[in-house]
Amino acid sequence: MLQSLTSDEKFSRYLATDNNSFEEEFRLYLRDEIVKIIRTDGSWSVGSILHQDVAKGLLNNIIWWLFNDDPEQTLLHLEELNNPQHICGRVFKPGEPTYSCRDCAMDPTCVFCQQCFRMSEHQKHRYKAEMDEGGGMCDCGDTEAFLRHTRCSTHEESYQKSKLAAEDAVSRLPEKVRERAPKFFEVILSYIVEFLTNEKTSISDLDESLQPSEKSDCFVTMLYNDELHTFDFVIDILKRALKCDEAIGSDFATIVDREGRSAVCIDDVNACEEVKKIVGTRPTAYFSFRTNEPLKTLVMHVNIVAHQEMALLLLPWLSRIVKQSEGLRKIFCDVALNEFIKAIPPEVGVSGMISPVERFIRCDHELWKTARNMYLQLLMNSLLLDAETKKKFGILFTRLYEIIQEGFLNGDHEHGHSVASMAVQLYTVPTVTRHLIVHENVIGVILRALAKSCYDGTLLNPDDWCNIMKLNTRRMKWAMRRAHHSFYDLRYILAILPDQMTADLKSKFIDGVKLFVQILMAMQGMDSITRKADRHIEHEPDWETGVNVVIKFNPVIYHLLQWFRTDVDLLFIMLKLCLQALKVLNESDPASLRSGVTVYNNQTYPCLDYDITKQPVSTQYPVTRLMSAIIVELGLAGMTWSDIERNEHIASMLESNSLPPMQLMECSLRCLCLSAQVNAGMWRRNGLSLINQLFYYKDYRCRQEAYERDVQLLQVSAANMDPNNFIVILLNKMKLNPESPEFAEYHIALMSEFFRLLISICGERYTPGVAVASLQEQGKRQIIHILASEPKPHSKISKQLPDSVSDKIPWEEILQEVADFQEPTSISSVGRYVLKPSMLAQFCPYSFHYTTLTDETKAQHEVVRRKKALQMTTVFIPPKLPQFSELFRNIPKLLCCDVFVDLVSKFLQQLTTGDHERWSDRLVEKVLYLISMAIIEHEQQKEMNPENDFDFIKKAVAGCERGILFLLKQLQVTESLLIHRDTVRWLVLKIERHSNQRHGSSSAVDPEHFILSREDSNEERDPTRNARKRKAQELRDKLLTQMKTMQQDFLSQNPDVMSGGSQGESMELSQVSASSQRENETPVCTDLSWQQETLKAMEPSYTCMLCQEEAVAAEGSMVMSALVQRSSVLTRGPHGELNNLDDFAPLFVDLSYQSGIHTSTCSHTMHYECFKQFRDSVNSTEARRRHNSRYSRKGFDIKNNEFLCPLCSRLSNSVIPVIPHPFIAKQRGILTDPLEDEMIDSQPSTSATPSTMREWLKSIEEVLKPLKLEAQEVVLKFHVDVSDMKNEMEKAEAADSQNEAEEVLEETVQALTQVDAAASADATILLEDQRAALNEFIEQIQVVGLNGDISEVHRPLTSWLSVATTVICSEMVGRLEGTPILAKSPIRISSALSGVIRAAFAMNSTSSEEQLSEVRDHARKLLSALIGEDTDEQSHALLNSNIFSLFVSLLFSSAILRKSKSMQNQPALRDSAEFERNILYLCTLAQIIQIFVFLNVDELEGIVGTGERREEAGAMYLACNQVRANAHLPPLPSNIDEDQLMETVTDCLHPFLRCCALLLFHVTGVPVPDSLETRDNQSSLLQYLGLTKNLTELFDVGGKMSLEPLIQRWCSHSDVIARVASLPYHVLYPVVSQVPDIVPFPHDYSDLIGAAASFKCPKFASEDSLCPTMCLVCGVVLCSQSYCCQQTLPGKDVQVGACTFHTLQCGASTGMFLRVREAAIVLLHGVYRGCFAPAPYLDRHGETDKGLRRGNPLYLNQPRLQELRKLWLSHGIAERVSHDIESRNIGHLVDWAHL
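Reading the values: rules and limits
- Residues numbered from 1 in each chain as written.
- Predicted model: local features only at pLDDT ≥ 70, side-chain atom pairs only at ≥ 80, totals over all residues.
- Heavy atoms only, no water.
- Helix = DSSP H or I, 4+ residues; strand = E, 2+ residues; numbered from the N terminus.
- Buried < 20%, exposed > 50% of the residue type's maximum accessible area, 1.4 Å probe, protein only.
- Areas by Shrake-Rupley, 256 points an atom, 1.4 Å probe, with all protein chains shown as cover.
- Patch = residues over 30% accessible without salt bridge, like charges linked within 9 Å, V, L, I, M, F, W, Y side chains within 5 Å.
- Salt bridge = Lys/Arg side-chain N within 4 Å of Asp/Glu carboxyl O.
- Lys, Arg positive; Asp, Glu negative; His and termini not counted.
- Charge placed at Lys NZ, Arg CZ, Asp CG, Glu CD.
- Pairing = 2+ DSSP bridges.
- Axes fitted to C-alpha atoms, helices over the stretch in contact; angles between N-to-C directions.
- Contact = heavy atoms within 4.5 Å.
- Core = buried A, V, L, I, M, F, W, Y, C linked by side-chain atoms within 4.5 Å.
- Parallel < 35°, antiparallel > 145°, perpendicular 65-115°, else oblique.
- Left-handed = near helix turned anticlockwise from the far one by under 90°.
- Phe/Tyr/Trp six-rings, centres within 6.5 Å; stacked < 30°, edge-to-face > 60°.
- Disulfide = S-S within 2.5 Å.
- Expected span 1.5 Å × (residues − 1).
- Polar contact = N/O pair within 3.5 Å; in protein donor to acceptor, adjacent residues only side chain to side chain.
- pLDDT = per-residue confidence, 0-100.

## Observations regarding the overall build of the protein chain
Thinking step 1. The helix and strand tally for the protein chain stands at 71 helices and 30 strands.
Thinking step 2. Within the protein chain, buried positions represent 58% of all 1795 residues.
Thinking step 3. Surface exposure of the protein chain reaches about 75,000 Å², of which carbon and sulfur atoms provide 49%.

## Quick look at a negative patch on the surface
Thinking step 1. Negative charge collects at one region of the surface, where Asp-232, Asp-245, Glu-246 and Asp-1693 lie side by side.
Thinking step 2. Secondary-structure assignment places Asp-232 in helix 8 (residues 231–242).

## Regarding the sheet that holds strand 6 (residues 297–301)
Thinking step 1. Taking strand neighbours across the sheet as the criterion, the three strands line up as 5-4-6 in an open arrangement whose pairing is antiparallel. Every interior strand has two partners, whereas the edge strands, strand 5 (261–267) and strand 6, have only one. The sheet shows a mean angle of 25° between the axes of neighbouring strands, taken without regard to direction.
Thinking step 2. Pairing geometry for strand 4 (residues 219–224) and strand 5, over six bridges, is antiparallel. When the bridges of strand 5 are listed, Thr-221 appears paired with Cys-265.
Thinking step 3. Against the sheet, helix 9 (residues 246–259) touches strand 4 and strand 5, its axis set at about 130° to strand 5.
Thinking step 4. Relative to the sheet, helix 11 (residues 302–324) contacts strand 4, strand 5 and strand 6, its axis offset from that of strand 6 by approximately 95°.

## Thoughts on the nonpolar core
Thinking step 1. In this structure, Phe-952, Phe-1444, Ile-1489 and Val-1493 are the most contacted members of the largest nonpolar core, which totals 537 residues.
Thinking step 2. It is helix 63 (residues 1538–1564) that provides the largest number of residues to this core, a total of 15 residues.
Thinking step 3. If we skip the residues at most four places from it in the chain, Ile-1489 touches Leu-1439, Val-1523, Phe-1595, Ile-1607, Trp-1610 and Cys-1611.
Thinking step 4. Grouped together as the second largest cluster of nonpolar side chains are 17 residues, Phe-92, Tyr-99, Cys-110 and Val-111 included.

## Thoughts on the pattern of salt bridges
Side-chain pairing between opposite charges can occur once the charged atoms of the two side chains come close.
Thinking step 1. One pass over the full model with this rule turns up 61 salt bridges.
Thinking step 2. As a salt-bridge pair, Arg-701 and Asp-699 come within 2.6 Å of each other at their nearest N and O atoms.
Thinking step 3. Taking the relative accessible area as the measure of exposure, Arg-701 reaches 38% and is therefore partly exposed.
Thinking step 4. In this structure, Glu-862 and Arg-865 form a salt bridge, with 2.7 Å as the shortest nitrogen-oxygen distance. A residue pair is termed a helical-turn pair when its members lie 3 or 4 positions apart in one helix, as Glu-862 and Arg-865 do in helix 38 (residues 853–869) at three residues.
Thinking step 5. One salt-bridge network, held together by shared partners, links Glu-1371, Arg-1375, Arg-1554 and Asp-1576.

## Observations regarding the packing of helix 63 against helix 65 (residues 1578–1585)
Thinking step 1. Packing of helix 63 against helix 65 leaves a shortest axis separation of 10 Å and a crossing angle of 40°. With respect to their mutual orientation, helix 63 and helix 65 come out oblique. In the packing of helix 63 onto helix 65, the handedness of the crossing is left-handed. For the pair helix 63 and helix 65, contact is made by Thr-1546, His-1550, Leu-1553, Arg-1554, Cys-1556, Ala-1557, Leu-1560 and Phe-1561 and by Gln-1578, Leu-1581, Leu-1582, Tyr-1584 and Leu-1585, respectively.

## Details of the sheet that holds strand 28 (residues 1729–1734)
Thinking step 1. Judged by pairing direction, the sheet is antiparallel, and its five strands sit side by side in the order 23-22-26-27-28 without closing on themselves. At either end of the open sheet lies a strand with only one pairing partner, and these are strand 23 (1677–1679) and strand 28. The sheet shows a mean angle of 30° between the axes of neighbouring strands, direction not considered.
Thinking step 2. Bridging between strand 27 (residues 1720–1725) and strand 28 involves six bridges; their strand directions are antiparallel. Bridge assignment links Ala-1720 to a residue of strand 28, and that residue is Pro-1734.
Thinking step 3. This element, helix 71 (residues 1773–1784), spans strand 26 (1710–1715), strand 27 and strand 28 of the sheet and lies at about 90° to strand 28.

## Some thoughts on the pairing of strand 18 (residues 1156–1167)
Thinking step 1. Within strand 18, 12 of the 12 residues are buried, which leaves the element mostly enclosed by the surrounding structure.
Thinking step 2. Relative to strand 18, strand 17 (residues 1118–1127) runs antiparallel, the two sharing nine bridges. Considered in strand 18, the bridge of Arg-1126 is made with Ile-1157.

## Topic: the environment of Met-751
Thinking step 1. Looking at the element boundaries, Met-751 is found in helix 33 (residues 747–763).
Thinking step 2. Judged by relative accessible area, Met-751 falls into the buried class, the value being 8%.
Thinking step 3. In this structure, the C-alpha to C-alpha distance between Met-751 and Lys-926, residues 175 residues apart in sequence, is 9.8 Å.
Thinking step 4. Setting aside its immediate chain neighbours within four residues, Met-751 contacts Leu-736 and Leu-923.

## A short note on the packing of aromatic side chains
Thinking step 1. This model, assessed by the stated rule, comprises 41 aromatic pairs.
Thinking step 2. With a centroid separation of 4.7 Å and 15° between ring planes, the pair formed by Phe-509 and Trp-563 is classed as stacked. With Phe-509 in helix 22 (residues 503–523) and Trp-563 in helix 23 (residues 544–564), the pair connects residues that are 54 residues apart, well separated along the chain. Accessibility classification places Phe-509 together with Trp-563 in one group, the buried group.
Thinking step 3. Members of the aromatic cluster, each reached through a chain of ring pairs, are Phe-22, Phe-26, Trp-65, Phe-184, Phe-185, Tyr-191, Phe-195 and Phe-332.

## Topic: the pairing of strand 17
Thinking step 1. Counting buried residues in strand 17 gives 10 out of 10 residues, a clear majority hidden from the surface.
Thinking step 2. Across the two faces of strand 17 the burial is the same, with Met-1118, Met-1120, Ala-1122, Val-1124 and Arg-1126 and Val-1119, Ser-1121, Leu-1123, Gln-1125 and Ser-1127 all buried.
Thinking step 3. Taken together, the four bridges between strand 17 and strand 21 (residues 1214–1217) define a ladder with antiparallel strand orientation. When the sheet's bridge partners are listed, Val-1119 is paired in strand 21 with Pro-1217.

## Considerations on the state of the cysteines
Thinking step 1. On inspection of all chains with the given rule, the structure shows zero disulfides.
Thinking step 2. Here Cys-104 is not disulfide-linked; the sulfur of Cys-101 is the nearest cysteine sulfur, at 3.6 Å.
Thinking step 3. In this structure Cys-104 comes out as buried when scored by relative accessible area, which is 0%.

## With respect to unusual backbone geometry
Thinking step 1. Going from Tyr-1629 to Pro-1630, the amide bond is cis rather than trans, its omega being 10°.
Thinking step 2. For Pro-1630, the position within the fold is in the loop between helix 67 (1614–1620) and helix 68 (1645–1653).
Thinking step 3. Of note in this structure, Asn-602 is not a glycine but carries a positive phi near 65°.
Thinking step 4. With respect to the secondary-structure elements, Asn-602 resides in the loop between strand 11 (595–600) and strand 12 (603–608).
Thinking step 5. The phi dihedral of Lys-735 is positive, around 65°, even though this residue is not glycine.
Thinking step 6. When you line up the elements, Lys-735 lands in the loop between helix 32 (723–733) and helix 33.
Thinking step 7. Of the residues examined, Lys-735 reaches a relative accessible area of 12% and is grouped as buried.

## So, helix 24 (residues 568–588)
Thinking step 1. With 21 residues, helix 24 should cover 30 Å at 1.5 Å per step; its first-to-last C-alpha distance of 31 Å lies within 8% of that length.
Thinking step 2. The N-cap of helix 24, judged by a side-chain oxygen 3.0 Å from the amide nitrogen of Asp-569 a few residues on, is Asp-567.

## With respect to the confidence of the model for the protein chain
Thinking step 1. For the protein chain, per-residue confidence averages 81 on the pLDDT scale, and 85% of positions sit at 70 or higher.
Thinking step 2. Note that residues 1234–1248 has pLDDT below 50 and, in this model, 22 contacts with residues that lie over four places away or in other chains.
Thinking step 3. Here residues 1267–1305 is a poorly scored stretch, pLDDT under 50, and it has 39 contacts once near neighbours within four places are set aside; other chains count.

## Side note on the environment of Leu-210
Thinking step 1. Here Leu-210 lies in the loop between helix 7 (175–196) and strand 4.
Thinking step 2. Taking relative accessible area as the criterion, Leu-210 reaches 0% and is therefore assigned buried.
Thinking step 3. Once the C-alpha coordinates of Leu-210 and Leu-28 are considered, the two residues, 182 residues apart in sequence, prove to be 6.6 Å apart.
Thinking step 4. The contacts of Leu-210, once residues within four sequence positions are left out, are Arg-27, Arg-31, Tyr-191, Glu-194, Phe-195 and His-307.

Written as C-alpha cells, this is what we have:
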C-alpha cells in the first residue's frame, strides 16, 4: 500500500506519526525517497553528485516533524527563548585569529576570539595573537580559563541578565517540541551512526526497513583519501581510470583531499568495478616513496551512498539546532550520552549498549574527513558548552583514550581532524582535570597509551619495579611522528596546579608518577656507546629519536616539579621513587658500581671503578637527573643532607643510614667526563652521532634538564663528601690522575676541561635551591650571558630562556634593565637588544650557558672588545656570587682544600719552567680565574663570618717557594705569559693585601685602582703622546688641504685632462659647468643656445668591466647590461585584455595606461664584442648543464635571453648601447653640419628670430594640408610602384587638375629622398658594433613589449613606450621618496634614462626607408591630433590619451618629420628647439584641459584652499567652467572653492611637468638650476621648461592669441564626451596623477588574518582555503599552492597555481602576494621563479614573525611598507627574485609554478 502513495502523501503520513512509531515511519519515508537525491541521470559533476534542491527539501521534511512547522521560522522563535548566553563558545575556523592573555590566562590554550578580545580588558595587557588550526573554541565566559576579566563586555552584560533568569531553558520549549525532541534525536543519531560508522557497500547490507521497493542497478565508485599517496599519483591514476584530462583529475584529487572521499564514477556495477580495478593499482616506483599500498576504493550501491549523504546533511543541521536553542541542546546532550546504540563486539570489543558519542569515538579513525569534522563540530556545539556534560564527556574520553590514541597512531589522518584533538578542550579545565586524576587516573591512562606505542612491556602494576620495560627505539621512531600529541595531553593535565592537595588527589598523582618513573627507567642509559680506539665507526647509530623524546619529556618534568613543590612530602616520596629505580637499575648491572681506589700524593681515596674509555657510556640518564632536580627542590625547601637521610621515606630504604654521594653522582659524572673527553678529541673515531648528542646535551632545548642537572648533582655530592676525595674522583674519571698518567697527548685539553668543570661546580649558584637566589636573579644572569656574545633580537632571547624563567617571572622587564633596545638600522634588519656597559662586569667567561666552545670564545672576545672601547679593564674578575643554600653550603671548600691547592701550585710551577708543551693560554686563563674565584670567595666568607674556617689566603701564602703567591710573583716576569700579566698582577696584589691585613698592615697599591688605571699606563709613561697625536693630525689635515687646492688649480688650467671622466660618474651632462658669460642666467632646456652650450663638454670615457680597457663612446662600442620588462605598474583600474599588437604598443597610449615597457640597468659598461663572448660562454655553459625545468632553476633563463651582469650579477636580458650626446644632437637638428662635430664653438650660439605660436600653428596646418591628399598612400607605396601611386592620386579629390596632383607627388618624393639621404649620412657616425647593439636592444624591447612578437610597424612605438614608461616610473619613485626630480640621482637610474632615450633617437639612423616612412606617418597623426585638424572618422581623441606619452612620441617622431622638404620650406618650423618647445607648450595645455575634463569634482566639494594664488585662481575657475561646457559637462558646483581648484589643478599638473623636465634634461643636457636640485618648485620647473609661470596665460599664449578654437576641438570630440560619462573614479583626477600604490594594509595584522579566515575556495565554495594569498597589486584573494585552483597557461599544456596564473593578468608575469597565514610576502617572476620576503609588519621588538610562531602582536611598519612600494614601482621584483635564488640557492626547494 505504501508503494502506491505519492511523495506528498508519504510526507503527510510521516508528519502524522507519534513518538512510538516515529522511527518506523521515518525509515519508511526515506526508503524510496532517499535515492532521488543522487544524480543518477549522468548530470553529476566533480564534487556535486546531489540534487541540492531535492536533498534540501527532503532534509527540511525530516526536521519538520520535530517542530511541526517550518524549521527556519521555528528556530528563530526558539532562539528567543534562550537564556542570555554568557559563554561565547565560538568554534574557530582554520586560520582565524585567537588571543591569549599572558597576564590573565590559566594557560596558553585559553583564548578569546577576535570579537570578544576587542571588547575585553585583555587588549590592554600583554597578549599573544595566533592563528587557530581549526576546531578550537573561544573561552570567553569560562571562569576556569582566566584569573580575571573572564568575560568581554558583551558577555558580561549577558551574564548579569542570565542571573536574573530562574527558569530552565528546557521548560520554555513548546510542549510538543519538548515531547518529541528526545525521540527525534535518538532516531536521527541512530540513523547517522548506522551509516557513518559501518562500512556498507551492498544493498543487502541495508536494514529491512530501508530496503527499497524498486532496486536500482546504479552503483558508485567511491575513492577515499589517505595522507600517504601524492596528488600527482592520484591525478595520474584517475586520468587513466576515467580517461579524463588533468584538470578533471586535479579536481577529483582536490575533493578527495579536502572531503576525505569523492565519487569518481556513477554507472552500472561493471563500469564501476572496472574503474575500481584501475584505481586500485599499486603505485609504481616513481610514486612509491611513501607507500606501495593502493588507494582505498569501494563500489557502493547508490542507495547506500544516498543514506550516507543524508546522514552528512543531518549532522550540520543538528549542530545548528543545538547552537540556536539552549533547551534543545540540553536534551540532545542527554540523548547523545545515553547508551542506546547496540555495540558490535567484532568491531569495538565490547558488548551491550553504548552511547552514540562512544560509537563515534571508537570508529573515529575509520571515518572520512568530512564525516569526522562534522560530528566533532556537533560535539563542540553541544557537549562542551555545559560544565556538567563536559565532565561526562571528559570521563568517557579518558576511558577510551587508549583506543583513541591507537586509532590515531595507526591511521594517517591529521591530528586536527581527529577526536584526539578534543583533549585540549577537556584537559585544560581545572575541575574536569582534578576529577579525572582522582577518579579516572588520567595521568596513568595517558602514560600507558604512550608506553604501549613506544615500549616493550606493560605497565599494569605501578608497584612492580622488577619488570623493567625495554625501549623499542625502532618503534618509537615511527610512533613519535604521531604519539608526541600524548606529551601535550600530559602537559595540559599537569599545567593546572591544584589549589589544595587532597589525600585522594595525592594518592592518584603518586600512582601516575610511579608509572612515569618506570618509563624513565627504560630510557636510562639509552643510546649508550663505547669508545672506538682502533678504527672509525662504520655506521652512524640513530640518535635523533632519543634526543626528540628527551625534548618532549622536559616540559613534563618541569610541570611535575611544580606539583612536587606544592608539598614537601611529595618531594621525599619522589626522591624515594628515584632511589628505588636506581637501585633496581644498578642491580641489573652490578659492574656499574664496582668499588675501587685511586691514589693521589701517596694517599688512597675511594672511588667507583668504571672506566668510560673502555665501558659503555650514555648521554641519557633521565632518572638520575630527575633525582637531581628533586634534591635541588629540597634545597629550596631548606632541607639539609641530614634532613634528607632522616626522612621516613628515605630512611626506610637506606642500607647504611646514609646516602652515598659517590654512587648518586656516578652517572652524571660519566656524562660530564664524556663531554670533556670529546671536547679534548679522545672520541674522534665515534663519528658525528656522538657530537650531535653532546650538542643537544648542552643546547638550550635540553640543557636545563640534562647538563645543568648533572652539574647540580655533582654540586650536591661535592657539598656532602670530602672535597679532596671529590677532586681526586674527578681527576681519576677524566684520566688525569698524576699517579697513573694516561692519554698524554690529551693532557692539556683534559686539564682545561677539568678546571672548566670546577669553575661550574663552584660558580654556578644562581639556581633557586642551589643557592639563595631568586628566579629574577637567575633570569638576569642568563639574559646577560645570552647577550654577551652579540646583540640579539627578542625572539632569540626568549627561545634560549628556560620555561622556569620565561613562564614564572616578567623577564622582559629584566631585559629592559640589563639591555638597551637598538632600533632596526635598515629595512631588512631587526630590532636587537644590546647589553648595557654596566652589565659587562657581571659576565662570567666560563658560564655553562654556552652550547659550544665557539659560543663561549665568541662571548669572551665580544666582551673584551666592548671593554676596550669603553676603556674598561679587560681582566675578567669574578663578580660576587650568591651564597649557597644549606644543602650546598660546603661547596666552597673545594677552593681551599689541599688537593686543589696542590694542583694549582704544581701547575703554576710548570709555568715558571717555560715548558710550553705542558700548558696552553686557555688553560692558564682558567687556572687564574679559579684563583680569582677563591680570593673572592675568601672575601665573602670572611665578610659573613670572620671566624669561618675557609682561608684560601693562608694556604696561598704558605709553602714558600712552592706557594701560590710566590709562584704568581715569578709569573709576573715570565716572558711567555705577558698576555696574562695584568691578571697575575691583580692576583698578587689581592693576596698581598689580604695577607697584610692579616698581619695588621695595609697594601701600598689598591688592586681595584690598579685594574682601572692599567689601560692608561702607556699614557703615564709618555705624557706627551696625546700632544704628538694631535700635532700629527693637524699636519695631515694641512697637507690634504694643500693637495686639494693644487688639484683645483691644475683642473682650471687644464680642463681637457678630466674630459674622460670616471666610471663612477653619471652619464648626464648636467655636471658640465656653464660658460662664464652665462653664470648669472637661469638655464632653459628648450632654448637652442643652452642646448648648444652643453655640446662644448667632452664625452666621458668608460672602462670595460671584462677586458678593463678604456674608451669614449664615439670610439668604442660600449654597452650596458639592461633589463627590459613589460609593465602594468601604471595601469589605472582593472586590467583589460590585450588581444592584438596595437593593445601592447598603441600610438596613442590610453589614459588608463594598460601596458608599458620598463628598462633598467646597473650602468656597468663593456665592449659589445666582449659582451658577445661573455654571453656565448654563459649560453654554452648552461646548455651543457643538465637542466630540470622544475627543480634545478637558476636566477636567469637563457631561453629568454637572460644573463647576469658579469660585475654585479644583476638580472639582464639585453644591452643598451652607449651613444655620444653630439650624435643625438645631430639627430635632433641641433648640429647642422655633420663635419663640425669637433668645432662646436663655431656653431651659432643663438637661434633665429623666433616665430609666434600663430605662425607656427599656421605652418603646421599648411604642412599637414597636402598630406590630406592621400599622403599616407604616397609614403606607403613609394617603394612599390610610383605609377600606381599616380593613378590613385588622379582618382582622388585632392587637386583641381592632373598637373597639380603630379606636382604634389613630385615634391613629396623629392622631400622623402632628401630625408633618406640625410639619415643615411648620419648613420655612418655610428660604428658597426653600435648599430648591432642598438638593433639588438630595440628588438628586445619589441619582444618584451609585444609579448614575444616582432613587428616592424610597432618598432618605433615600443621604443617610445619604453621611454615614456621608464621616465614616468622614475618620476613616481622620486615622488614616493620625496626627492626633487632633477636632484642628483643614482647612476643606475640616470644611466637607464639616458640610455633608453638616446637609443630611441639613434633608432632612426638604423631604420630602413619603410620604417622611416612609418615614423613620419606616426608624426603626422600625432600632430594632427595635437592641433585638432584631423577630421577623419578614425581620428583619436587627444584628451583620452596619456599626454606625456603623446609628448614623448611627438618629440622622437618630429625629429624625422622636420627633415622633410615641406617642413624645411616653412621658416617657422626650422628651429628644432622652438619646434620642441611649442610641442611642449601645447601638450602642457592639453594636460590642463584633460584635468579640467576628467576632474572628480566630488572630492573638492566643501574644501577651502590656502589662497596663495587668488588672482590666478579666479581665471582658472572660469577657464575650467568654459572647458567643461565644451565637453558637455555641467559647471563646477558652487561650493567648490576657487583656491582649492587652483591647488588641485597645480598638484595634478606637477607630475607631468616633472616628467617633461626629466625627459628634456636627458635629451638636451642643459644643466639644472640650483633651485631645482633641492626642491621641486613649480615656478622653477616652468622656467626651466621655457613655459610661462602663470598657468592661465597658456590659454592665450601670454595674451598674443586665443587657443580657444583648438581647446574646443579637443573637448568636443565624440569619444571624449562618451568617455566622460562612464569613467570610474580611479581614472579621474586627482587619482590619475597620484603615485600608484599597492593595496592598503590594516594597522593590526590580526585584522588581516580575520578577514582572510572567511575566504572560501573560489572553485569549491563549500571549502575553506588552506592558504589564502592576497595580491598586493589589485587586492584579489586567491587560493594558493593548491591543486583546486590550478589553471592551464594560455597556449601551453602547463598547469600552474592560482598566483602564478594571476601574475600573467595582473602584473605582466611579475607578482607580489601576501600569504596571510604565514605573514610572508611572495615575489614571483615568470612561471618558475620566486622568493619569499618578510611582511611589512613588526612586533614591538622590531621583528617580523613569519608563520606567526611567537605570537607577538604585529603592527604595520611604514618604512618596510615604503620599501615594498618602491620595489613594485621601480620594477625591482625580477631583480630581487633572481638575486635571492642566486645568493641563497634555495629556489629549487619551492615549486613556484604551483604557488
